Each structure stands twice: as structure tokens, then as C-alpha cells.
Amino acid sequence: MKTHRYPLPPEYLNVYNVVREFAASREHLLLKLDRASHEEVMGEIRRILRESSSIRLLSMPIPGDLGGSGYFTLGATVALEALAFHDAGLATTVGAVWLGLLPPVIANMLGRGDVGERWLRPFAEADARGEPQVWAFAITEPTAGSDYERLEPGAPQPEFLTYARREGEYWVISGRKIFISNGPIADYVTVFALTDRLKGVESMACFVVPREAEGFRVFSVIDKMGHRSSPTGELAFESVRVPEDHMVCPPGLGWDSVQLTLAYSRAPVGGIALGIAKRAYREALNYAKSRIQGGRRIAEHQIVREKLANMYIMIAAAESLVYSVVSRLESEFPPPMDDSSAAKVFASDVAVHASLEAVQIMGGYGYTRDFIVEKLVRDAKLTQIYEGTNEVNRLTISDKILSEV
Ligand SMILES: Cc1cc2nc3c(=O)[nH]c(=O)nc-3n(C[C@H](O)[C@H](O)[C@H](O)COP(=O)(O)OP(=O)(O)OC[C@H]3O[C@@H](n4cnc5c(N)ncnc54)[C@H](O)[C@@H]3O)c2cc1C
């Protein structure tokens, strides 16, 4: 059966198939992690990431000349969709590694070649040795969630908690970050901090903090509704000292790099949503073809057929939007932030709709934990919240529309 209606080039269909096979063979274990303790999840997910070196999964977004595949938008989205078809938590874990790598990838793209040699080449080399590094991306703070992704024009300066100050040849970082995917297991965390209280986000810089840095600690591991195989944490930075070469984006470039990172990563989150939606559709269709009620397969009842048709239409539309936008992300600079938001918003709304419809089509069985569709609902919901809530993404889109009036 065709996996995509959108005409993906054969090279990318191949990426999809290889990653699907990797995730499919581990689905049984990943489903167990949905109900496991934090300790078990952290151990197993690290092991799965080590195994992913066999297909060099984590090095995908590293540029080819630095030892990776250079697939940081279209290829990454195809891979995220393939992972999420089997477990959205694994997709989030892998996506969070890539999100953590994006600031150095962007800095390298903007001509800071030393960043590529310092961080990206060693990353690809470690993956090639079968010892992949786990990265995380830390911007959200307890007092600044949406405010860190979008500043309201004319609103008072949000309350930021994370600051970096210069001390001789070092930067000293203090503050808190919350809801950080991979935070509890990361070897390296890409951290955004303000360097000047008066200048605010204009003074933002981005640093790489290694796990072993003194003063860095995982404050807590967060328990959550879905994506349970993806460890999420609150991180504390208590006067963490890092040398100059750990600053990947200097003050001034920090805020721009946040905007570029979000533009490059939002539409790929649409890929995670697409994987969840396609799985929900497949489960619902298979069930509807075999369940007999009213003397007929429920797929023959007109109202169930309509639900399946609507799921199909919405998924086809989401797939077209996500893949047409991620293809453009590679060819346009600056990347189209509004369209990246549109792809994320639409695909995540489709994922929530499709997973809820799958539960409905499966009736009481869909509501039990014996079938995967209730997990899909829990997993789908997050795609409307992270990478900027859908409300905040809609504001980004409306900013663009209104600026063109
Ligand atoms: C499981 C999980 C994983 C995550 N992973 C990461 C990660 O790896 N790295 C990272 O940095 N962050 C991560 N996040 C954080 C995520 O991006 C934020 O939760 C999100 O941006 C929303 O911020 P908030 O939770 O503080 O909500 P708030 O900003 O407090 O928003 C609360 C509500 O108010 C609405 N709202 C806020 N501002 C506006 C506005 N201006 N106009 C209209 N409505 C508004 C929102 O849409 C939302 O409905 C993760 C979150 C979760 C739950």
C-alpha cells in the first residue's frame, strides 16, 4: 500500500521505509514504556538511541561535509512521521535531539564555521562510533512559555529567569528551564539566556551546556499525559561556567536564531502529527472492516463511511501542506515562518481529530487501554501545545497576513 500521496522523491521514501522498519521492530517495547517508570523509560530510550546509530538516524540533520546526511527539513520530517506512526514519544525524543542541534546547524549555515567543527563534526563522529550524543533544546522557562516564542508588540517585558554574565574567559549561566524534552537524559543542552537585563531579548545568546558542567542539574522529571517514552524535565543552572567556544550564537544573534529554529522545526512537528493521524486512520479502517454490528461490517454503515472519508481527506490535505512547506524550508531563506506554523497547526488539529474519530469508530474498545487509539489521542494533544501553542502559531500567521494588508 502507498504510504504517501504526496510525491516524495525516491530518496526520501527510502528514508521513510528504513526509519519505519527501525521503529516498527521496537514498537512492542515502546508501548510498554507508555506505562513504565521514569527510570525504566530513561534507560530504555537511551538504549534505543544507541541502537539508532546502526542507521545513523541522529546524524541526519548534520551537513554532509561535517559527516551527516544534510537532511534537516524534508528528510527529518519524513523520519519523524515514520517514528510517530509507531510511537510519538520516540519521534519527540529524536526530534528534540535535532532541535538541540539546530542552533549550531543554523550558526554554521550563517558562516560560523568554527561552530560546525566544534560541535557538529564530533556529533556525527560519535554517532558513527555507535556512541550517539543526546541533545536537548532549552528555551521555555517557568515564567516565560509563549512569551519566549512570541513577544507581544507594546506589552511589558516578560519575566525571564535565565541570564548569562561574562567572567573573564567564561560565561556564567544561572536560571531555570522547564518542559525540556530529553532534559533528564541529555549529554548536551542548548540553552538560551539573556546577557543584559536592560536590553532584553536583543541581548539573547545561545550556549551549549554539557551534562557534567558543575552547577547543572535535573531539577525534576515531569510526569505527563502522552509521549511517555520521551523523558521531559525541569533543569536548573546554578552558576554554570562554560568557555567562550560553548557560545554558539552570540548576543544579538540569539533571538534571530530562536526565530529561525522555530521556522525550521514547526512544520517538521507537523510530520509527527501526520504519523499519529495516519496510524489512527489505519487502526479505525481495519477495525471498521472487521467489526459486525446491525448484521453488517460497521464500515458499511453510511455514517462510519463518512467518518473514514473525512479522516482520509484531512490526512491527505495535511500531508500535502506539511511536505510542500518543508520542501520550501530547504530552498528559501529566510524560511517561511508563517507557512511553517500553518503546517504545524493544521496537521496537529488533524491528528487530534483523527485520533478522537478512531476512538469513536472503535466504540467501547477504542476507549480501553487494550488498543492503541487511546494512546494516540494522548499523543496527538501535545502536538497542539509544543513548538508554540496553536494559538500562538495562529498569531504568527495573522501577523503576516495583516502586515501584507
Ligand atoms: C511535553 C512537552 C515537551 C516540551 N518540550 C520542550 C523543549 O524541548 N524545549 C522547550 O524549550 N520547550 C518545550 N516545551 C514547552 C512548550 O513549547 C510550551 O509549553 C509552550 O510553548 C507553551 O508555553 P506554556 O506551557 O508556558 O503555556 P503559556 O504560554 O502559559 O500558555 C497558556 C495558554 O495561554 C495561551 N496564550 C499564551 N500567550 C498568548 C498570547 N499572546 N495570545 C493568545 N494566547 C496566548 C496559550 O496558547 C495557552 O493556551 C515542551 C512542552 C511540553 C508540554
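Rules of the game
- Residues numbered from 1 in each chain as written.
- Predicted model: local features only at pLDDT ≥ 70, side-chain atom pairs only at ≥ 80, totals over all residues.
- Helix = DSSP H or I, 4+ residues; strand = E, 2+ residues; numbered from the N terminus.
- Rg over C-alpha atoms; globule rule 2.2 N^0.38 Å.
- Buried ≥ 20, exposed ≤ 12 C-beta atoms within 10 Å, placed from the backbone.
- Contact = placed C-beta atoms within 7 Å.
- Axes fitted to C-alpha atoms, helices over the stretch in contact; angles between N-to-C directions.
- Left-handed = near helix turned anticlockwise from the far one by under 90°.
- Nonpolar A, V, L, I, M, F, W, Y, C, P; charged D, E, K, R; others polar.
- Domains from an automatic or database assignment.
- Near = placed C-beta within 6 Å.
- Core = buried A, V, L, I, M, F, W, Y, C linked by C-beta atoms within 7 Å.
- Expected span 1.5 Å × (residues − 1).
- Arc of directions from axis to C-beta.
- Pairing = 2+ DSSP bridges.
- Parallel < 35°, antiparallel > 145°, perpendicular 65-115°, else oblique.

(A) Up close: the overall build of the chain. Summing up its helical and strand segments, the chain has 12 helices and 10 strands in all. Taking 2.2 N^0.38 as the reference for a compact globule, 405 residues should give roughly 22 Å; the C-alpha atoms of the chain span a radius of gyration of 21 Å, in line with that estimate. Once the C-alpha set of the chain is aligned to its principal axes, its extents read approximately 80 × 55 × 40 Å. Here the chain holds 405 residues, and 51% of them are scored as buried. Considering only residue pairs separated by 6 or more positions, the chain has 74% of its internal contacts joining residues 24 or more positions apart.

(B) Region of the structure containing the packing of helix α4 (residues 74-86) against helix α7 (residues 254-290). It is the contact of α4 with α7, at a shortest axis distance of 7 Å, that shows an interaxial angle of 30°. For the pair α4 and α7, the sense of crossing is right-handed. Here α4 contributes Ala 76, Thr 77, Val 78, Leu 80, Glu 81, Ala 82, Leu 83, Ala 84 and Phe 85 to the contact with α7, which in turn contributes Ala 267, Pro 268, Gly 271, Ile 272, Leu 274, Gly 275, Ile 276, Lys 278 and Arg 279. Split into classes, the residues belonging to the contact of α4 with α7 amount to 12 nonpolar, three polar and three charged.

(C) Summary view of the domain arrangement of the chain. Per the domain assignment, the segments making up the chain are domain 1 (10-132), domain 2 (137-251) and domain 3 (255-403). One C-alpha centre belongs to domain 2, the other to domain 3, and the line joining them spans 30 Å. With 13 residues of domain 2 at the interface, the matching set in domain 3 holds 14 residues.

(D) Highlighting the site of the ligand. If you check the shell around the ligand, you find 23 residues, and the closest are Gly 145, Ser 146, Phe 179, Thr 389 and Glu 391. Elements supplying a minimum of two residues to the shell around the ligand: β1 (135-138), β3 (170-181) and α12 (390-403). Counted by class, the shell around the ligand contains 11 nonpolar, eight polar and four charged residues. Here the shell around the ligand gathers at least three residues from each of two domains, domain 2 (137-251) and domain 3 (255-403).

(E) How the structure looks around the nonpolar core. Core analysis: the largest hydrophobic core is formed by 129 residues, its most contacted members being Phe 207 and Ala 277. Here this core takes 18 residues from α7, the largest share from any one element. Residues contacting Phe 207, with those up to four places away along its chain left out, are Ala 164, Trp 171, Ile 173, Val 191, Ala 193, Val 242, His 246 and Met 247.

(F) Summary view of helix α1 (residues 10-24). Counted at 1.5 Å a residue, the expected span for α1 with its 15 residues is 21 Å, and the 21 Å between its end C-alpha atoms agrees. Along α1, the residues classified as buried are Val 15, Val 19, Phe 22 and Ala 23. Looking straight down α1, one finds its buried side chains confined to an arc of 90°; they lie on one side. Turned more than 90 degrees off the buried face of α1, the exposed positions are Pro 10, Asn 14 and Glu 21.

(G) Just the environment of Ala 164, in detail. Along the chain, Ala 164 turns up in strand β2 (residues 163-167). Distance from Ala 164 to Val 304, taken between C-alpha atoms, is 57 Å for residues 140 residues apart in sequence. If sequence neighbours within four positions are ignored, Ala 164 has contacts with Trp 171, Val 172, Ile 173, Ala 193, Thr 195, Ala 205 and Phe 207.

(H) Molecular detail of unusual backbone geometry. Residue Phe 333 is joined to Pro 334 through a cis peptide bond whose omega torsion reads 0°. Inspection of the secondary structure assignment puts Pro 334 in the loop between α8 (302-331) and α9 (337-361). Positioned with a positive phi, Arg 56 is a non-glycine residue whose angle comes to about 50°. Structurally, the position occupied by Arg 56 is in the loop between α3 (38-51) and α4. When the 17 C-beta atoms within 10 Å are taken as the criterion, Arg 56 is described as partly exposed. Here Glu 387, not a glycine, exhibits a phi torsion of approximately 60°, which is positive.

(I) Structural detail: the environment of Phe 346. Inspection of the secondary structure puts Phe 346 in helix α9. C-alpha separation for the pair Phe 346 and Val 18, spaced 328 residues apart in sequence, amounts to 27 Å. Aside from chain neighbours lying at most four places away, what touches Phe 346 is Ala 318 and Leu 321.

(J) Main features of the pairing of strand β4 (residues 188-194). With seven of its seven residues buried, β4 lies for the most part within the structure. Residues Tyr 188, Thr 190, Phe 192 and Leu 194 point to one face of β4 and Val 189, Val 191 and Ala 193 to the other, with burial holding for every one of them. Bridge analysis of β1 against β4 gives four bridges, and the strand direction is parallel. Bridging across to β4, Ala 136 finds its partner in Val 189. Bridge count between β4 and strand β5 (residues 204-210): seven bridges; the pairing is antiparallel. Paired with Ala 193 across the bridge in β5 is Ala 205.

(K) The environment of Lys 400, seen in detail. With respect to the secondary-structure elements, Lys 400 resides in helix α12. On the basis of neighbour counts, which here come to 15 C-beta atoms within 10 Å, the residue Lys 400 falls in the partly exposed class. Lys 400 sits 328 residues away from Phe 72 along the chain, and the two C-alpha atoms are 25 Å apart.

(L) Layout of the packing of α4 against helix α5 (residues 88-109). Running from N to C, α4 and α5 point in directions that differ by 155°, and their axes come no closer than 7 Å. Accordingly, the angle class assigned to the pair α4 and α5 is roughly antiparallel. Counted together, Ala 76, Leu 80, Leu 83 and Ala 84 of α4 and Ala 88, Leu 90, Ala 91, Val 94, Gly 95 and Trp 98 of α5 form the full contact between these two elements.

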